[in-house]
Amino acid sequence: MSVCAVILVKYLKKHNLSVKGTSSVEILASLRLSARDVFFVVHCGPDVIAFTLTSNGACLMGRWNYEDWKKSQAD
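Residues numbered from 1 in each chain as written. Predicted model: local features only at pLDDT ≥ 70, side-chain atom pairs only at ≥ 80, totals over all residues. Heavy atoms only, no water.

Within the chain, the secondary structure is distributed over two helices and four strands. Along the chain direction, N to C, the helices and strands of the chain fall in the order α-β-β-β-β-α. The buried share of the chain, reckoned over its 75 residues, is 29%. Sequence separation of at least 24 residues holds for 16% of the intrachain contacts in the chain that already meet a minimum separation of 6. Put simply, the chain shows about 5,200 Å² of open surface, and 54% of that area lies on carbon and sulfur atoms. (Helix = DSSP H or I, 4+ residues; strand = E, 2+ residues; numbered from the N terminus. Buried < 20%, exposed > 50% of the residue type's maximum accessible area, 1.4 Å probe, protein only. Contact = heavy atoms within 4.5 Å. Areas by Shrake-Rupley, 256 points an atom, 1.4 Å probe, with all protein chains shown as cover.)

This brings us to the sheet that holds strand β3 (residues 47-54). Sheet architecture is open: four strands sit in the order β1-β2-β3-β4, paired in antiparallel fashion. The strands lining the two open edges of the sheet, one partner per strand, are β1 (25-32) and β4 (57-65). Along the sheet, successive strands turn relative to each other by an average axial angle of 20°, direction set aside. Here β3 pairs with β4 via eight bridges, running antiparallel. Within the sheet, the bridge partner assigned to Ala-50 lies in β4 and is Gly-62. (Pairing = 2+ DSSP bridges. Axes fitted to C-alpha atoms, helices over the stretch in contact; angles between N-to-C directions.)

With that settled, the discussion passes to the environment of Asn-65. The topology assignment puts Asn-65 in strand β4. Note on Asn-65: relative accessible area 35%, which makes it partly exposed. Considered as a pair, Asn-65 and Gly-45 are 20 residues apart in the sequence and their alpha carbons are 9.4 Å apart. When sequence neighbours within four positions are dropped, the list of residues in contact with Asn-65 reads Pro-46 and Asp-47.

As structure tokens, then:
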């Protein structure tokens, strides 16, 4: 699943597209860590996935249920 999210984020960023409100995929946050490294938090289907894209590939940082994510953000 994280590979699909990585491909989707790269495609969306490259083409300046947003899918918020039109499907079940949404970039919740992104943070540039260096010139080539970016940290993403993506709502993808029923899950929230956090991963880092680097020049060497992608690294999955965590995966949570979206409902649990929303509850933790409200606290």
